[in-house]
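Listed below are the residues making up each chain.
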Amino acid sequence: MAARTVTRLADRRLRPFGVTAAQFNIMGMLVSRPNRSISEMASELAMERTTLSRNLALLERKGLIATEATAEGKARPFALTETGRAAFDKAVPEWRRSIADLRLALRDPNYETVINGLRTIARL
């Protein structure tokens, strides 16, 4: 329930940029690690492949990411387009404000304790 609430809040903050929180996270991964396959991204984002595929298709239709078939025609690496990078860069300050607001809301208990606990759970 808490995760859905945080996601809804982030989605609301990112709506003016034309992306959801999940899509913004995908774009962020492609900024730091471009040309990832669906399998690699799903694993690293801890996201179901079907959810990831649906979001990748939406991002591709919006012209924010692009893909090319490999020589073997198997894994399709994805990368941000110039438009996608510009959209991501514009959204980053709002994302950071969203995180700052979350930190304020979680003053007690300590934000770092909550985040570290969630990271521990995610590794299980």
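Keep in mind that what you see is a predicted model, and the values were worked out from it rather than measured. (Residues numbered from 1 in each chain as written. Predicted model: local features only at pLDDT ≥ 70, side-chain atom pairs only at ≥ 80, totals over all residues. Heavy atoms only, no water.)

### Observations regarding unusual backbone geometry
The backbone phi angle of Ala46 is positive, close to 50°, even though this residue is not glycine. Within the secondary structure, Ala46 sits in the loop between α3 (38-45) and α4 (49-61). Among the residues examined, Ala46 registers a relative accessible area of 72% and is labelled exposed. (Helix = DSSP H or I, 4+ residues; strand = E, 2+ residues; numbered from the N terminus. Buried < 20%, exposed > 50% of the residue type's maximum accessible area, 1.4 Å probe, protein only.)

### What about the packing of aromatic side chains?
Under the definition given, this model contains two aromatic pairs. Among the aromatic residues, those joined into a cluster by ring pairs are Phe24, Phe88 and Trp95. (Phe/Tyr/Trp six-rings, centres within 6.5 Å; stacked < 30°, edge-to-face > 60°.)

### Structural notes on a positive patch on the surface
On the surface, Arg4, Arg8, Arg12 and Arg15 cluster together into a patch of positive charge. The topology assignment puts Arg12 in helix α1 (residues 2-14). (Patch = residues over 30% accessible without salt bridge, like charges linked within 9 Å, V, L, I, M, F, W, Y side chains within 5 Å. Areas by Shrake-Rupley, 256 points an atom, 1.4 Å probe, with all protein chains shown as cover. Salt bridge = Lys/Arg side-chain N within 4 Å of Asp/Glu carboxyl O. Lys, Arg positive; Asp, Glu negative; His and termini not counted. Charge placed at Lys NZ, Arg CZ, Asp CG, Glu CD.)

### Quick look at α4
Helix length check: α4 (13 residues) gives 18 Å between terminal C-alpha atoms against 18 Å at 1.5 Å per residue, within 8%. All of the buried residues along α4 are Leu52, Asn55, Leu56 and Leu59. Seen along its axis, α4 keeps its buried residues to an arc of 105°; they face one direction. In α4, the exposed positions angled more than 90 degrees off the buried face are occupied by Thr50, Arg54 and Arg61. Where α4 is buried, its residues meet α2 (21-32), α3, β1 (65-67) and β2 (78-80). Gly63 sits one or two residues past α4 and shows a positive phi near 80°. (Expected span 1.5 Å × (residues − 1). Arc of directions from axis to C-beta. Contact = heavy atoms within 4.5 Å.)

### Observations concerning the side chain of Glu94
Mapped onto the fold, Glu94 is located in helix α5 (residues 82-105). Using a relative accessible area of 15% as the deciding quantity, one classes Glu94 as buried.

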